[in-house]
Structures are given as C-alpha cells and as structure tokens.
Amino acid sequence: PSESAAWMNTTSPAGAAVVPLTYAVGRVLYTRTAALVGAALAAAATPLVLYSANARGYSVVAAAYLALLLVAAHIRAGGGTLRQWAAFAVVGAAGMATIPVMLYPLGAVALWLALTLVVERGRQAVPVLAALAAALAAAAALTLLAYLPIIHVNGFAALVGNKFVVASSWPAFYRQLLPSLGFTLASWAQPY
C-alpha cells in the first residue's frame, strides 16, 4: 500500500487498549489465569478487531467500559478518592460523547458498584453511593457540554432522532432476539 494509505492498516488506540484493559480487569476482579484467558479472547474476537481496524467509536466504548470497571473496582476496595471519582466521571463522559450507547455500560458499572456496596457495607455505603451519584451527574454534565455544539446548531433531535434506526415492536424484538444472538456467537471468532 502507498504511504498515504498506511493509516488504514492500523488499529485505533482504544481498540488496541481493549486487550490490556481486559487483562487488568480480569486480574483485579478474578485471577491471573482469568485475566490471560479474557485478554486472549478479546485479542481474537473478530468484532473487536474489526471495530478497532475501522477506528469505530465502539472501540472507545469497549475501552471506556473496561476502564470504568477498573476504577469501580478500586473505588469498591477503598471507598474512592477524589481522583478516582473524577476518573469515573471523565471516562463515562468520554464514552458517552463518543457514542450515546455508552449509557448502557456506564449504567451497568454504576449498578454493579452500587449493588456491591450495599451488599458488602449496608448503611455504611451511603456516602459512597452519594459520591457515585455525584460522579454520574458530573459525567452527564460533561457529556452535555460535549454535545452542546451539536444541540446548538442542529437541535436536540439530531442526537435522538435517527431516520436509519427505528424501534422495533416488542413481538418483532422477541422474534429477532435468538437469531441475532446466534449470529453474534457465530461471528465472534469468524475470520474476515
């Protein structure tokens, strides 16, 4: 390939970070063996490789999700420093500013952290839960700030209204769920 096209044969930094982040999450939450297996699976996962090679925002979401898990694990262990809560808010906002679908991983990590704290600490979890709420509010504010130029120029509908993506009815969703899961599993390690 020509030198000008060489950039197309690289991976995104976020996509490349998914493998070591997967290892780090596995190491913090489980064992070294689980971390190695997870990193190997992430490195060989066809969708992750394609997202990274195509420099898709989904790689940023995957990396941000893993980074949030790491930060949340450290918060869980020690109650959270100001720096950790700031990292939680900034990483969450960076993912949300990349693709709004980051709301799901951010919500999953926040819910996991909240439930884990309540189960492990009971009433003593209240200050940490308050800090979690503040970090989520900060992430929302930073995300809004990032989207403000789009909202100002094109209106809020530009963010939530996509003529190419429409909601399915519940019956259609249920009919498509198993075939979609089957396709995802079949394509997970399929070479392209």
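The present account deals with the structure reproduced in this document. (Residues numbered from 1 in each chain as written. Predicted model: local features only at pLDDT ≥ 70, side-chain atom pairs only at ≥ 80, totals over all residues. Heavy atoms only, no water.)

**Observations concerning the overall build of the protein chain**
Helix and strand counts for the protein chain stand at nine helices and zero strands. Counting helices and strands in the order they occur from the N terminus, the protein chain gives α-α-α-α-α-α-α-α-α. Expressed as lengths along the three principal axes of its C-alpha atoms, the size of the protein chain is roughly 55 × 50 × 45 Å. Of the contacts formed within the protein chain by residues at least 6 apart in sequence, a portion of 67% connects residues at least 24 apart. Total accessible area computed for the protein chain in this model is approximately 12200 Å², and 70% of it derives from carbon and sulfur atoms. (Helix = DSSP H or I, 4+ residues; strand = E, 2+ residues; numbered from the N terminus. Contact = heavy atoms within 4.5 Å. Areas by Shrake-Rupley, 256 points an atom, 1.4 Å probe, with all protein chains shown as cover.)

**Quick word on the nonpolar core**
One finds Ile-75, Trp-85, Phe-88, Leu-113 and Leu-132 to be the most contacted residues of the largest nonpolar core, which totals 31 residues. For this core, the secondary structure elements donating two or more residues are α1 (13–29), α4 (57–78), α5 (82–98), α6 (103–121) and α7 (126–154). Here this core takes 11 residues from α4, the largest share from any one element. Ignoring any residue separated from it by four or fewer positions in sequence, one finds Phe-88 in contact with Leu-68, Val-71, Ala-72, Ile-75, Leu-106, Val-109, Leu-132, Ala-135 and Leu-136. (Core = buried A, V, L, I, M, F, W, Y, C linked by side-chain atoms within 4.5 Å. Buried < 20%, exposed > 50% of the residue type's maximum accessible area, 1.4 Å probe, protein only.)

**A short note on the side chain of Ser-12**
The topology assignment puts Ser-12 in the segment before α1. There is a polar contact of 2.9 Å between the side chain of Ser-12 and the backbone nitrogen of Gly-15. (Polar contact = N/O pair within 3.5 Å; in protein donor to acceptor, adjacent residues only side chain to side chain.)

**Here we look at helix α2 (residues 32–44)**
Counted at 1.5 Å a residue, the expected span for α2 with its 13 residues is 18 Å, and the 18 Å between its end C-alpha atoms agrees. Summarising the contacts, the buried residues of α2 are in contact with α1 and α3 (46–53). (Expected span 1.5 Å × (residues − 1).)

**Overview of the pattern of salt bridges**
By the definition in use, this model includes one salt bridge. Across the pair Glu-120 and Arg-76 runs a salt bridge whose closest N-O atoms are separated by 2.4 Å. Taken together, the residues span a long stretch of sequence, with Glu-120 in helix α6 and Arg-76 in helix α4 at a distance of 44 residues. (Salt bridge = Lys/Arg side-chain N within 4 Å of Asp/Glu carboxyl O.)

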